[in-house]
Amino acid sequence: MEGAVSMSDVAAFQPEALQLPELSPLALKANPFLAEQLFSQWFSLPDTSRLVKSLLAAAKTGEPLNAVGNSSTTNAGSGSSIPSMFPSGCTPPLSPRSVSGSPRTVKQRVGPSSLGSPLKVISEPVREVIPQFYFKNGRLPPAETRERCLFDIDQHFYGHVDGLQQNEFKSVAKDICKLPSFFSTILFRRIDVNGVGIITRDQFIDYWVKGNFLTMDLATQVYIILKQPDHEYLTQEDFRPILREILSTHPGLEFLQSTPEFQERYAETVIYRIFHYVNRSGTSRLTLKELKRSNLVAAMLQVDDEEDINKVLRYFSYEHFYVIYCKFWELDTDHDFLIDKENLIRYGNHALTYRIVDRVFSQVARKFRSKIEGKMGYEDFVYFILSEEDKSSEPGIEFWFNCIDLDGNGVLTSNEMQFFYEEQLHRMECMAQEPVLFEDILCQIIDMIGPETDGLVTLRDMKRTKLAGHVFNILFNLNKFIAFESRDPFLIRQERENPTLTEWDRFAHREYIRLSMEDDAEDVSNGSGDVWDESLEAPF
């Protein structure tokens, strides 16, 4: 057959004498056996075998491989070139390729030459420069920030060759450090470790600039300045210096300067409120993480900017302190600054049940700081009243949840809730109120909470609902339970108009008005000449 090649013809094939005209793709397609035999014959040549071995050896050692297609620049007899079965000038033409549209189109590579070994490229690891992300002493400030700070420092220390005294340092704390002005005294003492009474420019730069305060956030700056150098936490005592400064300098507290005993009570109350809301671990050791998660630093800045201290509702309001202290004074009938169960049961016009008061004094929710058995001190009362009047806050929810969780397993069951509601039911009957059976109340509680597991209420469930406070009132505060069920629509509208106010804010506002009106009535009574026992009078 024309074009056919026998095995004997292939065996007698002499590659050196091979002379082939240009072959079209159609000719090879019609005789695929011929192309296969030609390749097998080429592959069996001694030069081809030597070339393959040299390429493999070069690949193992990582040397670059000689590329195919450089025969025009190398000697035909060189061992590095691929042995050719075609004489010079008679190589087959490249197959025609379209510039676009063909899947065979080869794009020009950018990067290492295709003539090099791919094994060589892969064997070299890519070295990426990772920027420093940990700084033992804090991240260094940008040069521009540092220079600007140094310029401001020079301006404040200009003309003070010997340095600044404490009364001249307040502008430095506020303008350069951006701290509340009442931090100036404690900051001055942190820098003036030897108690000289003067801070030089270089001393301030060493502490503030070289101490990397420029790159710290405000909460971290406050934390480092307040805490003791050898501590990694804040204690109640650490807040006393700034409270003394507030009491001596804030215009909204000037009237207290004639009554130092109540200055001390105000400072204590503010500190207790801070630790109640911020120190969520309950260890009396306030960490940097807790400080950053709180709104305490924002409240401090507000104190510095607001002349009316009562507008700073978080922690520092004097009216809030007034309410807390007067409520304690009302219950502490013998004024020994201690409260027992019989005193506390009178709280809120006998609003609480005996069973819940017993749980409070069992100290399952919080250990008393009072050293006398069966007695609650002023600090303990502050924690109690904030939890009672702000039951929907996170500290309040945790406090009352632990009181109701009789077995301490972290789950409230229907039996535990019924145990506390039984006394509520009895009180309803005594007050001629229409009693609500526990079965109906339980369905209402489950609907309000929507627990993840039917019949079991966890602390997480209580924190998810906005009605946690009402649930607690159902179980042990009859007055608030009845008040909620018969709420005035006007009060509901007021709550919606001021959603930022907490339950505690509203309670403190109402109580302050009531207490101030009572004080006014007492003043009128004293003016009429009636006998008044000043020892039993409220402290304000």
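Predicted model only: the values in this text are computed from it and were never measured.

Scoring rules and cut-offs
- Residues numbered from 1 in each chain as written.
- Predicted model: local features only at pLDDT ≥ 70, side-chain atom pairs only at ≥ 80, totals over all residues.
- Heavy atoms only, no water.
- Helix = DSSP H or I, 4+ residues; strand = E, 2+ residues; numbered from the N terminus.
- Buried < 20%, exposed > 50% of the residue type's maximum accessible area, 1.4 Å probe, protein only.
- Contact = heavy atoms within 4.5 Å.
- Areas by Shrake-Rupley, 256 points an atom, 1.4 Å probe, with all protein chains shown as cover.
- 1 Å grid on protein atoms, 1.4 Å probe; cavity = no way out; pocket = protein on both sides within 12 Å on 5 of 7 lines; lining within 4 Å.
- Points joined across faces, edges and corners; volume = space filled by probe spheres on them.
- Nonpolar A, V, L, I, M, F, W, Y, C, P; charged D, E, K, R; others polar.
- Axes fitted to C-alpha atoms, helices over the stretch in contact; angles between N-to-C directions.
- Parallel < 35°, antiparallel > 145°, perpendicular 65-115°, else oblique.
- Left-handed = near helix turned anticlockwise from the far one by under 90°.
- Arc of directions from axis to C-beta.
- Patch = residues over 30% accessible without salt bridge, like charges linked within 9 Å, V, L, I, M, F, W, Y side chains within 5 Å.
- Salt bridge = Lys/Arg side-chain N within 4 Å of Asp/Glu carboxyl O.
- Phe/Tyr/Trp six-rings, centres within 6.5 Å; stacked < 30°, edge-to-face > 60°.
- Lys NZ or Arg CZ within 6 Å of the ring centre and 35° of its normal.
- Core = buried A, V, L, I, M, F, W, Y, C linked by side-chain atoms within 4.5 Å.

Caption draft 1: Representation of the overall build of the protein in the model. In terms of helices and strands, the protein carries 27 helices and 4 strands. In the protein, which comprises 540 residues, the proportion classed as buried is 36%. Put simply, 63% of the contacts in the protein that link residues at least 6 apart link residues at least 24 apart. When the accessible surface of the protein is summed, it comes to about 32,300 Å², and 54% of that surface belongs to carbon and sulfur atoms.

Caption draft 2: Structural view of empty space enclosed by the protein. A full pass over the atoms with the stated rule returns 1 cavity of 30 Å³ or more. Taken as a whole, the largest cavity encloses approximately 50 Å³ of empty space. As for the largest cavity, its lining consists of Val360, Arg366, Phe368, Met376, Asp380, Tyr383, Phe384 and Phe399. Classifying every residue of the lining of the largest cavity gives 6 nonpolar, no polar and 2 charged.

Caption draft 3: Inspection of helix α24 (residues 468–476) at higher detail. The buried fraction of α24 is high, at 9 of 9 residues. Among all positions of α24, only Ala468, Gly469, His470, Val471, Phe472, Asn473, Ile474, Leu475 and Phe476 are buried.

Caption draft 4: The packing of helix α11 (residues 240–249) against helix α12 (residues 260–278), seen in detail. At a closest axis distance of 10 Å, the pairing of α11 and α12 adopts a crossing angle of 130°. As summarised for this structure, α11 and α12 are arranged oblique, according to the angle between their axes. By crossing handedness, the relation of α11 to α12 is classed as right-handed. Touching Arg240, Leu243 and Leu247 of α11 are Gln263, Glu264, Tyr266, Ala267, Glu268, Val270 and Ile271, all from α12. Looking at the contact of α11 with α12 residue by residue, the classes come out as 6 nonpolar, 1 polar and 3 charged.

Caption draft 5: Structural view of the packing of helix α20 (residues 394–404) against α24. Between α20 and α24, the shortest axis-to-axis distance is 11 Å and the interhelical angle comes to 35°. When you trace α20 past α24, the crossing you get is left-handed. Along its contact with α20, which presents Ile397, Trp400, Phe401 and Ile404, the element α24 presents Ala468, Phe472, Leu475 and Phe476. Grouping the amino acids of the contact of α20 with α24 by side-chain chemistry returns 8 nonpolar, no polar and no charged.

Caption draft 6: Representation of helix α9 (residues 201–209). Among all positions in α9, only Phe204, Ile205, Trp208 and Val209 are buried. Buried residues along α9 cover an arc of 100° about the axis, so they all sit on one side. On its buried face, α9 is in contact with α6 (143–157), α7 (170–176), α8 (184–191), β2 (198–199) and α10 (218–226).

Caption draft 7: Inspection of the environment of Gly450 at higher detail. Looking at where Gly450 falls in the secondary structure, it is placed in the loop between α22 (438–449) and β4 (457–458). For the pair Gly450 and Met462, spaced 12 residues apart in sequence, the C-alpha to C-alpha distance is 9.0 Å.

Caption draft 8: Main features of a nonpolar patch on the surface. Together, Phe39, Phe43, Val52 and Leu56 make up a nonpolar patch on the protein surface, roughly 400 Å² of accessible area in all. For the nonpolar patch, the secondary-structure elements that each account for two or more residues are α3 (32–43) and α4 (46–61). Among the secondary structure elements, Phe39 is positioned in helix α3.

Caption draft 9: Seen up close, the packing of aromatic side chains. One pass over the structure, following the stated rule, counts 37 aromatic pairs. Ring centres of Phe328 and Tyr378 lie 5.2 Å apart, and the angle between their planes is 80°; this geometry places the pair in the edge-to-face category. Highlighted residues: Phe328 in helix α15 (residues 318–331) and Tyr378 in helix α19 (residues 378–389), separated in sequence by 50 residues. In this pair, the class of Phe328 matches that of Tyr378, namely buried. Ring geometry for Trp400 versus Phe476: centroids 4.8 Å apart, planes at 40°, classification tilted. On the criterion of sequence distance, the pair formed by Trp400 in helix α20 and Phe476 in helix α24 is long-range, its members being 76 residues apart. The pair Trp400 / Phe476 is uniform in exposure class, with both members buried. Note that Lys327 overlies the ring of Tyr347, its terminal NZ or CZ placed 5.4 Å from the centroid. Sitting above the plane of the Phe419 ring, Arg355 keeps its charged end 4.3 Å from the centroid.

Caption draft 10: Layout of the pattern of salt bridges. Evaluation of the coordinates by the stated rule reveals 30 salt bridges. A salt bridge links Lys292 to Asp217; the nearest nitrogen and oxygen atoms lie 3.4 Å apart. Of this pair, Lys292 sits in helix α13 (residues 288–293) while Asp217 sits in the loop between α9 and α10, and the two are 75 residues apart along the sequence. Overlapping salt bridges bring together Lys327, Glu330, Glu511, Arg514 and Glu518 as one network.

Caption draft 11: Structural detail: the nonpolar core. The biggest cluster of nonpolar side chains holds 115 residues, and the ones touching the most others in it are Phe183, Phe204, Phe239, Tyr266, Phe316, Leu344 and Phe384. Looking at this core, the element that brings in the most residues is α15, giving 10 residues. Those residues in contact with Phe239 that lie beyond four places of it in its chain are Leu226, Leu234, Ile271, Ile274, Phe275, Leu286, Leu296 and Met300.

Caption draft 12: Expanded view of unusual backbone geometry. The backbone of Asn212 sits at a positive phi, close to 65°, despite the residue not being glycine. With respect to the secondary-structure elements, Asn212 resides in the loop between α9 and α10. The backbone phi angle of His335 is positive, close to 55°, even though this residue is not glycine. You can see His335 is positioned in the loop between α15 and α16 (341–344).

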